[in-house]
Each structure stands twice: as C-alpha cells, then as structure tokens.
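Residue strings, one per chain:
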Amino acid sequence: MSMNRRTLTASLAAATLAGLLPATVLAQKKLVLGFAQVGAESEWRTANTESIKSAAKDAGIDLKFSDAQQKQENQIKAIRSYIAQKVDVIAFSPVVESGWETVLREAKAAKIPVVLTDRAVNTKDDTLYVTFMGSDFVEEGRKAGRWLVDKMKDQKGDVNIVELQGTVGSAPAIDRKKGFEEIVKADPKFKIIRSQTGDFTRAKGKEVMEAFLKAEGKKINVLFAHNDDMAIGAIQAIEEAGLKPAKDITIISIDGVKGAFEAMIAGKLNVSVECSPLLGPQLMSAVKDIKAGKSLPKRIVTVEGIFPMEVAAKELPSRKY
Ligand code: GZL
C-alpha cells in the first residue's frame, strides 16, 4: 500500500475510533450483483431463486433481483437497468437461447462481467460471458431415455410415447429432447406419437395432456415430461380420464423437486431425473472470484443423479429442494 494511502487509512481509522466517522466508511464496499431471473414458473425456479437470494445474503453480496415472468424482453430490460446502475457483475438464466448478443455487447462495452446460470445462450462470441454454470440437459435427456429403454427391454410391441416439451426455444427443452431421442431412436419400437410444449408449468402440462388423451387415448404407453411440474399437471389429467398414472401410462420427468418425490411415493410417477437448482453458492463464489481477478472455466457442469420411485421415500428426507 502506498505511503499516502497508508496515511489516509490510518487517519480514517483514528477518526472512526474517535466516533467522528461511521465504521462503514472503513468497511469493504459491498459487491453488487444484478440477477435477471426467468420467472416463477415451476417448483424448480422457486428453489433456484431461493438459493440465489440466500447465498447472496450469506456472501454479503448486495443482490438486485428481477423476475421476467418468462418474457425475454423483460430480462433484457433488467440487464439494461443493471448496466445503467453500474453493478459489479450481471448474472441471468436466459429464458430462450437466442436474441442476447446486442445486450451482452452493451454489458461488455460497459466493462461489466456476465455470468450465465442454468441455461445457455446461442452465441459464437464466448467473450460475451465469463462462464456458464448449470446442468448438462442433453445428458438429462439421455438418462431419461436409458431408464425407459431398460424398463421396456422385454416389451415386444410398439411403445407409444407422448412428450411434454419445456419452453419453446429454451436450452433445456431443446437439449432434453435431443438427448432422449438419441437414446430411444436406437430401437424402432419406441415411437414419439405426440410432442408439444407445456411451457414448464403444471397448468399447461395438464391442458396439453388432456388433448393428448383425447386424441390418442389408451394408445399412450409413456409420458416423457421435460420437467416435474408438467408431469404433475399431466398426472391430474390422466386420473381425470380414469387411468392410473405410472401404471396405465409410465411417466418419466426431470428436475427432482419435492412434488415429484411426493408423486413417486404416492405411486403416480415412475422416475425423476435430477436437475439441481441450487446454483446460488457457486454463483456467489464466481462473483467474488471475478472481482478478485481470478480466471474461471468457460463451462461449470452441475453433477446430478436419477431417482426412480423405489428410492423416493428413502431419499425425500435428505432432499434440499
Ligand atoms: C432447468 C431449468 C428448467 C427446469 C424447469 O435447468 O431451466 O426451467 O427444468 C424450469 O422446471 O422451469
């Protein structure tokens, strides 16, 4: 520390001790993180928001938080407001993969580092963000496919699958579909006879499953839902149609939220592939590392498992979301 800075610090300390200055003057300036969240569309998202808010508090980071209600224009507006406020770091979970380059270039021009959490963006210029931390959605789709192939290994005839996709254009919807199809297409008995978005919500999942049942009825052998919330909505539709979920129709979903464990314990859901929303602590240490000038890997992948209904009751007490 240079002489004049040392002298200044010493006189500030003396003035603070003498009660002439608030102690905060000496306190380290708090880092400010601007976070633009997708929305509150699912149990997963709620748990993700809780993780970010509590981790920011624990880390002593000043969090500015916005909920975009699943609209890209709202996320872009929030990011622009964080740029105007000159926050230290911007982080967000992109609701869809495309349409981010302009606002990310604005952040770069303002010399504000950006962290992607949960979902990826489509860009050739990876200098527009410091790191992307989140799950491997293609692998989550493969896990769902492998579980189904194993469950149906002795099934001789066609296995007719209906698919509830996540938000159109979002990384999890695109990649989970890709991973699942990569596995099931190896055996022609697996046929995806209907596939439509339920936008990751319970309400839409139920509505679309009602339409599937009206159109295909008892032909449906399997439901593959890109998240637990849509699966839980679909379970209601299946029961209202007089069918037994997880028995008449095998149900596979992704996230591993509490509602899914409860459905598996009730015998209404066959399996949930884990997708952890608990990214808060990792995000806060990335923010501190960035401000300390440390370099970060471009991609940080979350480690995750798979939970069939047989283990749900044993696992539920230790689940954190
Ligand atoms: C996945 C996340 C998805 C969840 C859904 O990381 O982006 O969005 O699977 C949530 O439940 O709505």
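Residues numbered from 1 in each chain as written. Predicted model: local features only at pLDDT ≥ 70, side-chain atom pairs only at ≥ 80, totals over all residues. Heavy atoms only, no water.

Under an unreviewed UniProt entry, the protein chain has the name ABC transporter substrate-binding protein and belongs to Variovorax guangxiensis. In its Sequence similarities (unreviewed entry) section, the UniProt record describing the protein chain reads: "Belongs to the bacterial solute-binding protein 2 family." The UniProt entry for the protein chain carries this comment under Subcellular location (unreviewed entry): "Cell envelope". (UniProt positions renumbered as here; feature names shortened; annotations may be inferred.)

On to the site of the ligand, then. In the region of the ligand, 13 residues are neighbours, and Glu-41, Asp-118, Arg-119, Arg-176 and Asp-255 sit closest. Glu-41 is positioned with one of its side-chain polar atoms (N or O) 2.5 Å from an oxygen atom of the ligand. Here the ligand loses 100% of its free accessible area of 320 Å² to cover by the protein chains. Broken down by class, the residue content of the shell around the ligand amounts to five nonpolar, two polar and six charged. Two domains each donate at least three residues to the shell around the ligand, and these are domain 1 (28–134 + 277–302) and domain 2 (137–275). (Near = heavy atom within 4 Å. Polar contact = N/O pair within 3.5 Å; in protein donor to acceptor, adjacent residues only side chain to side chain. Areas by Shrake-Rupley, 256 points an atom, 1.4 Å probe, with all protein chains shown as cover. Nonpolar A, V, L, I, M, F, W, Y, C, P; charged D, E, K, R; others polar. Domains from an automatic or database assignment.)

All right, on to the sheet that holds strand β7 (residues 190–197) then. The strand order β7-β6-β8-β9-β10-β12 describes an open sheet built from six strands, whose pairing is mixed. Each of the sheet's edge strands pairs with one partner strand only, and the pair in question is β7 and β12 (306–308). Strand after strand, the sheet turns through a mean of 15 degrees between neighbouring axes, direction not considered. As paired elements, strand β9 (residues 250–255) and strand β10 (residues 271–274) share four bridges and run parallel to each other. In the strand pairing of β10, Ser-253 is matched with Ser-272. Its contacts with the sheet place helix α7 (residues 202–216) against β6 (159–165), β7 and β8 (222–225), and it is angled at close to 135 degrees to β7. (Pairing = 2+ DSSP bridges. Helix = DSSP H or I, 4+ residues; strand = E, 2+ residues; numbered from the N terminus. Axes fitted to C-alpha atoms, helices over the stretch in contact; angles between N-to-C directions. Contact = heavy atoms within 4.5 Å.)

To continue, consider the sheet that holds strand β1 (residues 32–37). With respect to topology, six strands assemble into an open sheet ordered β2-β1-β3-β4-β5-β11, the strand pairing being parallel. At either margin of the open sheet sits one strand with a lone partner, and together these are β2 (62–67) and β11 (299–301). The sheet shows a mean angle of 20 degrees between the axes of neighbouring strands, direction not considered. Note that strand β5 (residues 131–134) and β11 share three bridges and pair parallel. From the neighbouring strand, Phe-132 faces β11, where its bridge partner is Arg-299. Sheet contacts for helix α3 (residues 72–84): β1, β2 and β3 (89–92); angle to β1, the most-contacted strand, approximately 170 degrees. Here helix α10 (residues 280–291) sits on the sheet and contacts β1, β3, β4 (114–117), β5 and β11; the angle it forms with β1, its principal contact strand, is near 135 degrees.

This brings us to the pattern of salt bridges. Inspection of every chain in the model, using the stated rule, returns 27 salt bridges. The partner of Arg-176 in a salt bridge is Glu-140, with the nearest N and O atoms 2.8 Å apart. In this pair, Arg-176 sits in helix α6 (residues 171–184) while Glu-140 sits in helix α5 (residues 137–151), placing the two residues 36 residues apart along the sequence. Comparing Arg-176 with Glu-140, the two get one shared label, buried. Put simply, Lys-153 and Asp-150 hold a salt bridge, and the shortest N to O gap is 3.5 Å. For Asp-150, a relative accessible area of 45% gives the class partly exposed. (Salt bridge = Lys/Arg side-chain N within 4 Å of Asp/Glu carboxyl O. Buried < 20%, exposed > 50% of the residue type's maximum accessible area, 1.4 Å probe, protein only.)

When you line up the elements, Asp-88 lands in the loop between α3 and β3. You can call Asp-88 buried: its relative accessible area is 14%. Each C-alpha atom of the pair Asp-88 and Leu-33 lies 6.0 Å from the other, and the pair is 55 residues apart in sequence. What Asp-88 contacts, discounting residues up to four positions off in sequence, is Lys-29, Lys-30, Leu-31, Val-32, Ile-112, Pro-113 and Lys-291. Polar contacts involving the side chain of Asp-88 include one to the main-chain amide nitrogen of Val-32, which spans 2.7 Å.

Domains assigned within the protein chain are domain 1 (28–134 + 277–302) and domain 2 (137–275). Once you take the C-alpha centre of each, domain 1 and domain 2 turn out to be 30 Å apart. Taken together, the contact pairs twelve residues of domain 1 with 20 residues of domain 2. Note on domain 1 versus domain 2: buried area summed over both sides is about 1100 Å², and carbon and sulfur give 51% of it. Together, Glu-43, Trp-44 and Glu-97 form the three largest contributors to the area buried by domain 1 at its contact with domain 2, with a combined 44%. Run the count over domain 1 and domain 2 and you get one salt bridge. Measuring nitrogen to oxygen at the nearest pair gives 2.7 Å for the salt bridge that ties Glu-43 to Arg-202. Taken together, the links from domain 1 to domain 2 amount to six residue pairs in polar contact (both at pLDDT 80 or more). Taken together, the residues that form the side of domain 1 that touches domain 2 break down as five nonpolar, two polar and five charged. (Buried area = accessible area lost by both parts, 1.4 Å probe.)

Each pair of packed helices can be summarised by the angle the axes make with each other and by the distance between the axes. Close contact between α3 and helix α4 (residues 101–109) brings their axes to 10 Å; oriented N to C, the two are set at 10 degrees. For the element pair α3 / α4, the angle class is roughly parallel. Note on element contacts: α4 touches α3 through Thr-102, Val-103, Glu-106 and Ala-107, opposite Ile-76, Ile-79, Arg-80 and Ile-83. (Parallel < 35°, antiparallel > 145°, perpendicular 65-115°, else oblique.)

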